[in-house]
Amino acid sequence: MFQSIERRPPDPILGLTATFKKDTNPNKVDLGAGVYKNESGNTPIISAIKKAEQKLWETEDSKSYIAQAGPEGFNRHMASMVLGENSAAINDQRACSVLTPGGSGALRVIAEFVSANFPNTRTWISSPTWANHIPLLGSAGLNLVEYPYYNYDKHEIDIDQMMDTLKQATAGDLVLVHGCCHNPCGGDLSKEQWQAFAEAAEKQGFTPFVDLAYQGLGDGLEEDVYGVRLLTEKLPEVIIASSCSKNFGLYRERTGAVIMLGESADQISASASQLLSTARQIYSMPPSHGAAMVEMVLSEPELKQEWLLELTEMRERINGLRSQLVAKFKEIGVDQDFSFIEREKGMFSFLGLSPEQVQTLGDDYSIYMVKSSRINVAGISNSNIDYLAESIAKVL
Ligand code: LMR
């Protein structure tokens, strides 16, 4: 039966991690998958999470299934972290939150929910977007269409072209936007651009679909949801896929949520029942471990404070590395302007290299990045920054 199965090429992002692991060059640099790393190249367990885990180990008394939507406390805290403590939508019971296996699980549940209930809907995605958005959402049956987002020459958002193309988005369409720290380009909408986007959604009637995978890693936990909150204050319907992988460092625990807003309490509870039925068809019941720890961290003031400090440390390290890399290029006499790296947010930026230059960096220097020249800034450290900048300068 399996004789006819053809081998798939490695995943464009995950394949890099495997190649990096195999490389024996002591100077190798991994700028591939979007995973936070500290100065020693490790992805540490956040200390507040470790403490929550210890407490959970001591107090958890059953491994029976949890509620299908996930723990009520987890959902309540996630909704207020994203929508705000005083969110009118929460107070009016127009918002629901459902625990999912990671942010990708949230994306998939949303995609299945949309394609089952609104089969003719179009979903607009930014060009570029996270490489896995296309197979993940497309294979659930979503009809994906692109809108221009990033100007590769100027290294800035092509807001005019974006808004011009989105004039075609109408009521019944979804428009997927990255809430902050755009993956892969690092270019986020300014406050004015969010306003323009929200006004277009209001006027044209399309529904924003926000992928929020990096809250807290751009400008701050509150600052990074400026756009999301604007949309949720202004519009009757918004869909959000929120991830705890990066900001809580819970990658392997697969913890995320679908947060959805509707026009009325009745409509949103009907939609939530559909989300649960969708989840039941895919993976049946949600994982508990990550959500239990997030709930503990968000509900216990001491743990929350400790987590916020560590999140700030991660964010500041990334932002510091952005400035350091730009300064290093200048210091070694690179003429090309890389100052955009300092203006961009979150883990990623495009270096603007050709696929051949990226290949040479991998083959000759053991420096690994996605073929589009997307780098994970968190993979830079004081010990590799000289080698990295000099190697890049050589291939320019
Ligand atoms: C990335 O974009 O590198 C991360 O979101 C990890 C992944 O699964 O692709």
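Residues numbered from 1 in each chain as written. Predicted model: local features only at pLDDT ≥ 70, side-chain atom pairs only at ≥ 80, totals over all residues. Heavy atoms only, no water.

Caption draft 1: Up close: the domain arrangement of the chain. By domain assignment, the chain separates into domain 1 (10–44 + 307–395) and domain 2 (65–299). Summarising the inter-unit geometry, the C-alpha centres of domain 1 and domain 2 are found 27 Å apart. Contact residues are listed per partner, giving 24 residues for domain 1 and 28 residues for domain 2. In total, about 2100 Å² of surface goes out of reach between domain 1 and domain 2, with carbon and sulfur atoms giving 65% of it. Applying the counting rule to domain 1 against domain 2 returns one salt bridge. Taken together, the links from domain 1 to domain 2 amount to nine residue pairs in polar contact (both at pLDDT 80 or more). Counting residues per element, the ones that place at least two in the side of domain 1 that touches domain 2 are α12 (301–331), α13 (340–343) and β11 (348–350). The dominant element in the side of domain 1 that touches domain 2, judged by the number of residues it contributes, is α12, at seven residues. (Domains from an automatic or database assignment. Contact = heavy atoms within 4.5 Å. Buried area = accessible area lost by both parts, 1.4 Å probe. Salt bridge = Lys/Arg side-chain N within 4 Å of Asp/Glu carboxyl O. Polar contact = N/O pair within 3.5 Å; in protein donor to acceptor, adjacent residues only side chain to side chain. Helix = DSSP H or I, 4+ residues; strand = E, 2+ residues; numbered from the N terminus.)

Caption draft 2: Looking closely at the site of the ligand. In the vicinity of the ligand, the residues found are Ile13, Ala33, Gly34, Trp130, Asn183, Tyr214, Lys246 and Arg374. A distance of 3.0 Å separates an oxygen atom of the ligand from a polar side-chain atom of Trp130. Protein burial of the ligand: of its 260 Å² of free accessible surface, 79% is covered by the chains. Residue composition of the shell around the ligand, grouped by class: four nonpolar, two polar and two charged. Taken domain by domain, the makeup of the shell around the ligand includes at least three residues from each of domain 1 (10–44 + 307–395) and domain 2 (65–299). (Near = heavy atom within 4 Å. Areas by Shrake-Rupley, 256 points an atom, 1.4 Å probe, with all protein chains shown as cover. Nonpolar A, V, L, I, M, F, W, Y, C, P; charged D, E, K, R; others polar.)

Caption draft 3: Structural context of the sheet that holds strand β4 (residues 143–148). One open sheet accounts for seven strands, arranged β2-β10-β9-β8-β7-β3-β4; its pairing is mixed. At either end of the open sheet lies a strand with only one pairing partner, and these are β2 (95–100) and β4. Sheet twist, expressed as the average angle between the axes of neighbouring strands with direction ignored, equals 25°. Inspection of the sheet shows strand β3 (residues 122–127) paired to β4 by six bridges, in the parallel sense. Residue Ser127 lies in a different strand from β4, and its bridge partner there is Pro148. Helix α3 (residues 72–83) rests against β2, β8 (207–212), β9 (238–243) and β10 (256–261) of the sheet, and its axis sits at about 65° to β10. In the packing of helix α5 (residues 102–117) onto the sheet, contacts are made with β2, β7 (174–178), β8, β9 and β10, and the angle to β9 comes to roughly 155°. (Pairing = 2+ DSSP bridges. Axes fitted to C-alpha atoms, helices over the stretch in contact; angles between N-to-C directions.)

Caption draft 4: Local environment of the pairing of β7. In terms of residue burial, β7 counts as a mostly covered element, since five of its five residues are buried. Note that β3 and β7 share two bridges and pair parallel. Pairing of Trp124 across the sheet is with Val175, part of β7. Between the parallel elements β7 and β8, the chain passes through helix α8 (residues 191–204) in a crossover that is right-handed. (Buried < 20%, exposed > 50% of the residue type's maximum accessible area, 1.4 Å probe, protein only. Right-handed = clockwise from strand over helix to strand, strands pointing away.)

Caption draft 5: Spotlight on helix α14 (residues 355–365). Taken together, the buried positions of α14 are occupied by Val358, Leu361, Gly362 and Tyr365. Take α14 and look down its axis: the buried residues cluster within an arc of 120°, on one side only. Turned more than 90 degrees away from the buried face of α14 sit Glu356, Asp363 and Asp364, all of them exposed. Ser366, located one to two residues past α14, shows a positive phi value of around 55°. (Arc of directions from axis to C-beta.)

Caption draft 6: Expanded view of the packing of α5 against helix α10 (residues 265–282). It is the contact of α5 with α10, at a shortest axis distance of 9 Å, that shows an interaxial angle of 110°. Taken as axis vectors, α5 and α10 run roughly perpendicular relative to one another. Touching Arg108, Val109, Glu112, Phe113 and Asn117 of α5 are Ser271, Gln274, Leu275, Thr278 and Ile282, all from α10. Taken together, the residues that form the contact of α5 with α10 break down as four nonpolar, four polar and two charged. (Parallel < 35°, antiparallel > 145°, perpendicular 65-115°, else oblique.)

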